[in-house]
Amino acid sequence: MDRVFNKLRNLDAYPKVNEDFYSRTLAGGLITVVSAAVMLFLFFSELSLYLYTVTESKLLVDTSRGDTLHINFDVTFPAVRCSILSLDAMDISGEQHLDIRHNIVKKRIDANGNVVEERKDGIGAPKIERPLQKHGGRLGHDEKYCGSCFGAEESDEHCCNSCEEVREAYRKKGWALTNMDLIDQCQREGYVQRVKDEEGEGCNIQGSLEVNKVAGNFHFATGKSFLQSAIFLADLLALQDNHYNISHRINKLSFGHDFPGLVNPLDSVKWVQGPTHGMYQYFIKVVPTIYTDIRGRVIHSNQYSVTEHFKSSELGAAVPGVFFFYDISPIKVNFKEEHIPFLHFLTNICAIIGGVFTVAGIIDSSIYYGQRTIKKKMELGKYR
């Protein structure tokens, strides 16, 4: 057994030296203080890196199907009144949403950008007690109201009891309302007067859309739109002169929920129309993104890149408006917050302590043996 212990003793890589043979020097003390300070500095630096969350990213093919795309927007038009500003959306699957009003808020603003108090429908218009019936006479006391669609009826029983229903009937026919002052429903509801009362005002429109996750577009146009030969046109020809100022400021535009580090390129973007009129187009590439925070909470969202183009009305038919054409990228980005592994942190701490001790020992030995060599040479010089 003693033989085994002796062999183990011979393997000792840390031989001990008797304290009587220690030689402490001033240089050694300074090096010890400096090396201790360096170790503390490197330790706290490594600790801060360990506590800091690192975001790792991965690129994957997006294999999801049947999802929807959530679009949030907040756009201000300083020179377009709210009554003629409409929001439309369509995609390559053929689904269309015209004159969207659900989850949409419009705010009338004056020339200084201040919000104007909203008016109730009908204020400022002549009040007509007896609406015009479909047969041409006025509504009688015991009659049921059935308004005329002014030639756009789908059947003999079809009635248009509001200005909106007349406009919708004309849209389905692909016709344009050439003079809304002659439409009894619009006159009775004060639609034309309301548009005239908003002259010189602007509009802030904000809200959200839920659309299919396929390529498509949504746009803000000056007038309710209808589809004719696959081209969007405006139906308020009597109220527009095709020279609308579509200067605008995009306060916010995002596709999905916000997450840390998200940058929306169109936020706070402003465009001022020049002397020519036309349509302003944004071409957007949407990149699906999944963000997982350090607590495991998953956020499904999207990033996007964008290019811009202005199409002048001088080059052809260009409906006044702001158009956003978006396409979905087949590549998905995964972001995940992570800490540096504890074993990695422990390894780095050991490397710091061992490395500093080793370097400090080499420096101390070099200084010590250098001093001894100089001292010996000086002693030899005296004896000579």
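Residues numbered from 1 in each chain as written. Predicted model: local features only at pLDDT ≥ 70, side-chain atom pairs only at ≥ 80, totals over all residues. Heavy atoms only, no water.

Participant: Can you tell me about unusual backbone geometry, naming the residues and giving the values?
Facilitator: At Asn103, a position not held by glycine, the phi torsion is positive, near 60°. If you trace the backbone, Asn103 turns up in the loop between β4 (96-97) and β5 (104-109). On the basis of relative accessibility, which here comes to 45%, the residue Asn103 falls in the partly exposed class. (Helix = DSSP H or I, 4+ residues; strand = E, 2+ residues; numbered from the N terminus. Buried < 20%, exposed > 50% of the residue type's maximum accessible area, 1.4 Å probe, protein only.)

Participant: Tell me about the sheet that holds strand β10 (residues 248-255), residues and numbers included.
Facilitator: The strands making up a sheet are joined through hydrogen bonds of the backbone, oriented either antiparallel or parallel. Pairing in this open sheet of five strands is antiparallel, and the strands run β5-β6-β2-β10-β11 from one edge to the other. Since the sheet does not close on itself, it has two edges, and those belong to β5 and β11 (269-271), each with one partner. The sheet shows a mean angle of 20° between the axes of neighbouring strands, direction not considered. Direction of pairing for strand β2 (residues 68-77) relative to strand β6 (residues 202-212): antiparallel, over a ladder of 10 bridges. Across the sheet, Ile71 pairs through a bridge with Leu209, a residue of β6. (Pairing = 2+ DSSP bridges. Axes fitted to C-alpha atoms, helices over the stretch in contact; angles between N-to-C directions.)

Participant: Describe in detail the state of the cysteines, supporting the description with residues and values.
Facilitator: Taken as a whole, this structure holds two disulfides when the rule is applied. Between the sulfur atoms of Cys82 and its disulfide partner Cys203 the distance amounts to 2.1 Å. Disulfide Cys82 to Cys203: torsion about the S-S bond roughly 100°, handedness right-handed. Taken together, the residues Cys82 in the loop between β2 and β3 (85-91) and Cys203 in strand β6 connect sequence positions 121 residues apart. Neither Cys82 nor Cys203 differs from the other in exposure class; each is buried. Residue Cys149 pairs covalently with Cys160 via a disulfide, S to S 1.9 Å. The chirality of the disulfide connecting Cys149 with Cys160 is right-handed, given an S-S dihedral of about 95°. Here Cys149 is found in the loop between β5 and α3 (163-173), whereas its partner Cys160 is found in the loop between β5 and α3, with 11 residues between them in sequence. Cys160 matches Cys149 in its accessibility class, with the two residues each being buried. (Disulfide = S-S within 2.5 Å.)

Participant: I'd like a description of the side chain of Ser208, backed by residues and values.
Facilitator: Inspection of the secondary structure assignment puts Ser208 in strand β6. The class of Ser208 is buried, set by a relative accessible area of 16%. When sequence neighbours within four positions are dropped, the list of residues in contact with Ser208 reads His70, Ile71, Asn72, Phe73, His102, Asn103 and Ile104. (Contact = heavy atoms within 4.5 Å.)

Participant: Give me the lowdown on the packing of aromatic side chains, citing residues and values where you can.
Facilitator: What describes a pair of aromatic rings is the distance from one ring centre to the other and the angle between the planes of the rings. Taken as a whole and assessed by the stated rule, the structure comprises 22 aromatic pairs. Between Phe259 and Tyr291, the aromatic rings sit 5.3 Å apart at their centres with planes inclined by 25°, giving stacked as the arrangement. Residue Phe259 is located in the loop between β10 and β11, and its partner Tyr291 is located in strand β12 (residues 278-292); the two are separated by 32 residues in the primary sequence. Each member of the pair, Phe259 as well as Tyr291, is classed as buried. A centroid spacing of 6.3 Å and a plane angle of 35° characterise the contact between Tyr280 and Phe310, whose relative ring orientation is tilted. (Phe/Tyr/Trp six-rings, centres within 6.5 Å; stacked < 30°, edge-to-face > 60°.)

Participant: Give me the lowdown on α3, citing residues and values where you can.
Facilitator: The complete set of buried residues in α3 reads Cys163, Val166, Arg167, Ala169, Tyr170 and Arg171. Positive phi shows up at Gly174, right after α3, with a value of about 80°.

Participant: I'd like a description of the environment of Asp74, backed by residues and values.
Facilitator: Within the secondary structure, Asp74 is located in strand β2. Spatially, the C-alpha atoms of Asp74 and Val105 are 9.4 Å apart, while their sequence positions differ by 31 residues. Filtering out sequence-adjacent residues up to four positions away, Asp74 remains in contact with Asn204, Ile205, Gln206, Arg249, Ile250, Asn251 and Lys252.

Participant: I'd like to hear about helix α2 (residues 26-51), residue by residue, with values.
Facilitator: Helix length check: α2, at 26 residues, gives a terminal C-alpha distance of 38 Å against a target of 38 Å (1.5 Å per residue), a fit within 8%. Buried residues of α2: Ala27, Gly28, Ile31, Ser35, Met39 and Glu46, and no others. (Expected span 1.5 Å × (residues − 1).)

Participant: Go over the pattern of salt bridges, please, and point to the residues and values.
Facilitator: It is possible for side chains bearing opposite charge to pair when their charged atoms get close. A complete count under the given rule lists five salt bridges for this structure. Here Lys213 makes a salt bridge to Asp62, at a shortest N to O gap of 3.4 Å. One end of the pair, Lys213, is in the loop between β6 and β7 (216-222); the other, Asp62, is in the loop between β1 (54-61) and β2, and 151 residues separate them in sequence. Linking Asp258 and Lys252 is a salt bridge whose minimum nitrogen-to-oxygen distance equals 3.6 Å. A relative accessible area of 28% means that Lys252 is categorised as partly exposed. (Salt bridge = Lys/Arg side-chain N within 4 Å of Asp/Glu carboxyl O.)

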